[in-house]
Every structure is written in structure tokens, then in C-alpha cells.
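# Coordinates in review
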Amino acid sequence: QSTGGGILMCLEQATGKQIWQLPIPRNMAGRIEPYHFNHWKCGVCSRPAIDKNRLYIVGPRGDILCLDREGQANGNDGPFLEETEYMEVAKDSGYQLTAADGDIIWRFDMIDQLGVVPHDVCGSSPAIEGDYLYANTSNGVDGKHKYVANPKAPSLIALDKRTGRLAATDGALIGDRILHGQWSSPVVAKIQGESKILFGGGDGVLYAFRPLESSVAKTAATTLSLLWKYDCCPADYREKDGQPVAYARWNKTSEDGPSEIIATPIVHTDRVYVSIGQSPIHKAGQGMLSCIDGATGQKIWDTRKVNRTLSDVLIDEGLLYVSDYSGLLHCMDALTGQYLWQHDLGAGVWCASPVIVNGRLYISDERLRLWVLKPGREKLVLSRSRLRSMAITPATDGNVLYLPTQRRLFALDIR
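Below you will find a few notes about this structure.

Calculation rules
- Each chain has its residues counted from 1, running along the sequence as written.
- Note on the predicted model: pLDDT of at least 70 is required for a residue's local features to be given, and 80 or more for side-chain atom pairs to be given and counted; whole-chain, interface and lining totals, by contrast, use all residues.
- To obtain the side-chain values, all non-hydrogen atoms of the structure were used and water was disregarded.
- Every helix listed is a DSSP run of H or I at least four residues long, and every strand listed is a run of E at least two residues long, numbered separately from the N terminus.
- Taken over C-alpha atoms, the radius of gyration is set against a globule rule of 2.2 Å times the number of residues to the power 0.38.
- To sort residues, take the accessible area from a 1.4 Å probe on protein chains only and compare it with the maximum for the residue type: under 20% means buried, over 50% means exposed, and anything in between is partly exposed.
- Whether two residues are in contact is decided by their heavy atoms, any of which lying within 4.5 Å being enough.
- Each accessible area is a Shrake-Rupley result for a 1.4 Å probe, and residues are judged covered by the shown protein chains and nothing else.
- Counted as positive: Lys and Arg. Counted as negative: Asp and Glu. His and the chain ends are not counted at all.
- All charge positions are set by atom: Lys at NZ, Arg at CZ, Asp at CG, Glu at CD.
- Being paired, for any two strands, means DSSP has found at least two bridges between them.
- Here a polar contact means two N or O atoms within 3.5 Å. Within protein one must be a hydrogen donor candidate and the other an acceptor candidate, and residues neighboring in sequence count only if both atoms are side-chain atoms.
- Patch members must show over 30% relative accessible area and no salt bridge, and they are joined within 9 Å when carrying like charges or within 5 Å when they are nonpolar side chains of Val, Leu, Ile, Met, Phe, Trp or Tyr.
- Salt bridge, as used here, is a side-chain nitrogen of Lys or Arg placed within 4 Å of a carboxyl oxygen of Asp or Glu.

### Structural notes on the overall build of the protein chain
For the protein chain, the helix and strand inventory stands at three helices and 32 strands. Radius of gyration (C-alpha) of the protein chain: 21 Å, near the 22 Å computed for a compact globule of 415 residues. In the protein chain, which comprises 415 residues, the proportion classed as buried is 54%. Residue pairs at least 24 apart in sequence account for 53% of intrachain contacts in the protein chain once pairs closer than 6 positions are excluded. As displayed, the protein chain offers around 18,700 Å² of accessible surface, 48% of which is attributable to carbon and sulfur atoms. Computing the positive centroid from 45 side-chain charges and the negative centroid from 47, the protein chain places the two 4 Å apart.

### Regarding the pairing of strand β28 (residues 369–373)
When you tally the buried positions in β28, you get five out of five residues, the bulk of the element. Here β28 shows no split at all, with Arg369, Trp371 and Leu373 on one side and Leu370 and Val372 on the other all buried. Alignment of strand β27 (residues 360–364) against β28, held across four bridges, turns out to be antiparallel. Bridge pairing in β28 places Ile363 opposite Trp371. Hairpin geometry of β27 and β28 is characterised by an intervening segment of four residues between the two adjacent antiparallel strands and by a positive phi of about 70° at Leu368. Where β28 meets strand β29 (residues 381–386), five bridges bridge the pair, whose relative direction is antiparallel. Along β29, the bridge assignment pairs Leu373 with Val381.

### So, the environment of Tyr237
Among the secondary structure elements, Tyr237 is positioned in helix α3 (residues 235–238). The spatial distance from the C-alpha of Tyr237 to the C-alpha of Asn76 is 52 Å, given a sequence separation of 161 residues. Ignoring sequence-local partners within four residues, the contact set of Tyr237 consists of Val245, Gly257, Pro258, Ile276, Gln286, Gly287 and Arg304.

### Quick word on the side chain of Ser353
Take Ser353: it is sitting in the loop between β25 (339–344) and β26 (355–357). Here Asp312 takes part through its backbone nitrogen, which lies 2.8 Å from a polar atom of the side chain of Ser353. Residue contacts for Ser353: discarding those within four places in its chain leaves Ser311, Asp312, Tyr362, Ile363 and Thr393.

### Some points on a nonpolar patch on the surface
Together, Ile7, Met9, Leu11 and Leu409 line one region of the surface with nonpolar side chains, adding up to about 340 Å² of accessible area. The element best represented in the nonpolar patch is strand β1 (residues 6–11), accounting for three residues. Here Leu409 lies in strand β32 (residues 409–413).

### Some remarks on the pattern of salt bridges
This structure, assessed with the given rule, holds 14 salt bridges. A salt bridge links Arg107 to Asp63, with the shortest nitrogen-to-oxygen separation between them at 2.6 Å. Within this pair, whereas Arg107 is found in strand β6 (residues 104–109), its partner Asp63 is found in strand β5 (residues 63–68), the two being separated by 44 residues in sequence. Judged by its relative accessible area of 29%, Arg107 falls in the partly exposed class. Asp160 is the salt-bridge partner of Arg162, the closest N and O atoms lying 2.9 Å from each other. With a relative accessible area of 44%, Arg162 lands in the partly exposed category. Residue Asp160 is classed as buried on the basis of its relative accessible area of 3%. By sharing partners, the salt bridges in this structure join Asp63, Arg107 and Asp109 into a single network.

### A word on the environment of Gly140
As for its position among the elements, Gly140 is in the loop between β8 (132–136) and β9 (156–160). Along the primary structure Gly140 and Val381 are separated by 241 residues, whereas in three dimensions their C-alpha atoms are 40 Å apart. Each residue touching Gly140, except ones within four places of it in the same chain, is listed here: Val117, His119, Val148, Ala149, Ile178, His180 and Gly181.

Spatial relationships are all this shows, so hold off on functional conclusions.
Below you can see the structure in the form of C-alpha cells.
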């Protein structure tokens, strides 16, 4: 019976044969109301972070999971041993775990342990640096969109990747300024030889934190050290004539107003590229793409030609490509910001980011179309095809393109 939840699956790469799976039902034991959390039935919205024989995801129930890459094939490793309860298998069913089931090593509940109130979905991926796992909590506004439900709850946390122990938080640095929710994924980047944790906040500000040292005390959580911050949302988006500009809402959409960071910050040659955007329910509106010095947090260039977007930028051979919810694919010089061309896709883009494989650029839109263009300083559309469900950002390995859609995963030979 469908619960509107999701499934984490491990497949054999060559054949697509399922090795193991972990169903995660949507049932939240009373947590779905009164807040807007998990009501969109989006399932698992996290890309796994893989570290040797472990993988980590931000779960759709407001938790962080560490799993065994082998699943139950090598036994049920603890300390977490309640997989059947987590999968909500009926107690009287007599079901016993098999090698085809997932194996949770530890689980950290952000709602119970931190008082986090995720809004809509926990829609980000964790990042690993040293002994620590960094994750976005998706803390956000209340169910009526009037105020931040718990501004004292952290937005970014660090857990010991081995045990799930809370090691650090951002110290509620962002809490009371959240516009809606928080869905950007933290990034570990080495800039001029120094590692940084980059995090796009729900207030439209990009933050750079110092990673934790392995010698951090194992008793009490500490506060992450802020290196720099940069406001990616222009001042005139936030305020006009001395008055704050209202944030767009599902029942009162507006092209004006401030936006948060939803896209993942992309690092290239010690520069950080990131855009601002909002939920697609709020419709298209004014945006901004910023290029920031990763060492100092100072602006290098920015452009308002890119509208609200959830998509990550793509940089290839000195050119930057980014799509937005107004339905435009943009190309510009990554070094200077010089605008080169745009292509009207005819529909908004929010599920996917552009990728380049074997000299072809792939991007999909919300009208179920997959576009293929030739990368370069001049626009050239190669093909357009219709899909049966919306495509998500593809991945590649050699000559195989793995194209996930809302219903299926395709492996395509693209030689």
C-alpha cells in the first residue's frame, strides 16, 4: 500500500538489477501537521554521500541516516537494529530481514533532538569532510507562513560520521532571517589550499565555515566558526523606499521580493557560483547569479539576467550554463560574466540542472521535454524529445547516461 513515502535503492550498475532497498513510508506519527512538512509526498530528496563502506542521506522524515553499502548481506550492523519498525512492517507479519533489505547503522532525528521544524521537504544532500558529516536541517517557517517556527534551531549541523553524535551547529546564525525554508546542500571545497564548508542559507546569504578538526571534544556540541558571508540577494530586492518588500507566497505570487538560496554552490578555480530562487509554486520572478571570491567572500561579478532558479550552474571549458524557472537556459563567460546567449525552453526548469556529456549538453523542463544542445559560445540545438515523466539531473559513467525521471531510471548509451 502506497504511503507517499520514498525508497532508497541499490542497483547493479551493469544490469539495473536491485541489490537491496530501504522503503521509507511517509507516516510521521502526528508530525505532518500543523506544519507544512512532507505533505508534498516527495520521497527521498537526498543524493547519498559515500565514504568507503558507508553512505549517508538526509531522510524525508527529518532525520539523517548512515547506511551500510552492502545492505543486510553482511548482517544487521548496529547500533540501529530496528529496520523493520522503520520500514513500518507489521509486527504480526513474521517478516525477517533478508539480504535484499537496507541496513541502517545509525539514525539522527533532527526534529526530536534539535527541535527543527522542516518546511515542505528535507530536500538537500550531506557533505563529508574528515570525520564529520555536514547537513542542512531544512528548518523553516510555520504552517501558515507567518513566522519562523523555531528560530533557535540550527540550519547547518555537523555530525560525527562514525557515530552520528552531534559535533557542531551554526549557532542559530540564520534562524530568525529564514524567508521560507532551507534546501541548499552544503559543499566542501578546497580554496587556495584551505578547506571550507559552503552553505546557501534560507535568508539568501552564502556562508563559509571552517571545517571541524578531528580533535573536537566528544562531549558537547560546539559552534561552527564563520569565515565569511555574502548576501546574494540585492538590497533593493529586500527593501524599497525604506520598507521591506514582501516575500512571494503560494496564494500571493509576485515577481518582486527577496529569495533564498536553493541551488548548490558550485566552486571553480577558487570562485563560488550560486543563484537565488524560490519554490516553483511562487512562479517566476527576479533572480541573481553571483560569482564570489572563495577566499575572501568578495563579489567578482553578478548578473540579474538569471531569474529565480533552483538549478545548479554548470561550468565547462570556461563557459557557464544555468537554467531558470522562467524557462531560459543561459550561457555566459565564467571568468568575466559576459553574457553570450540564451535559449527559451518554453517551460520552467526546477527538477534538473544542465550537464555536459561527450560534447552534448542535456537539460529537461517541466513539460516533460529533454533538450540536447551543443556546448559553445554560439547556441546550437541538437534535439528535443518528449518523456513520460519529468526528468531529474542525470549522471554519467563513461558512455552511459543515467537519466532518472519521476517514475523510472534509464541507462542510455550515448556514444
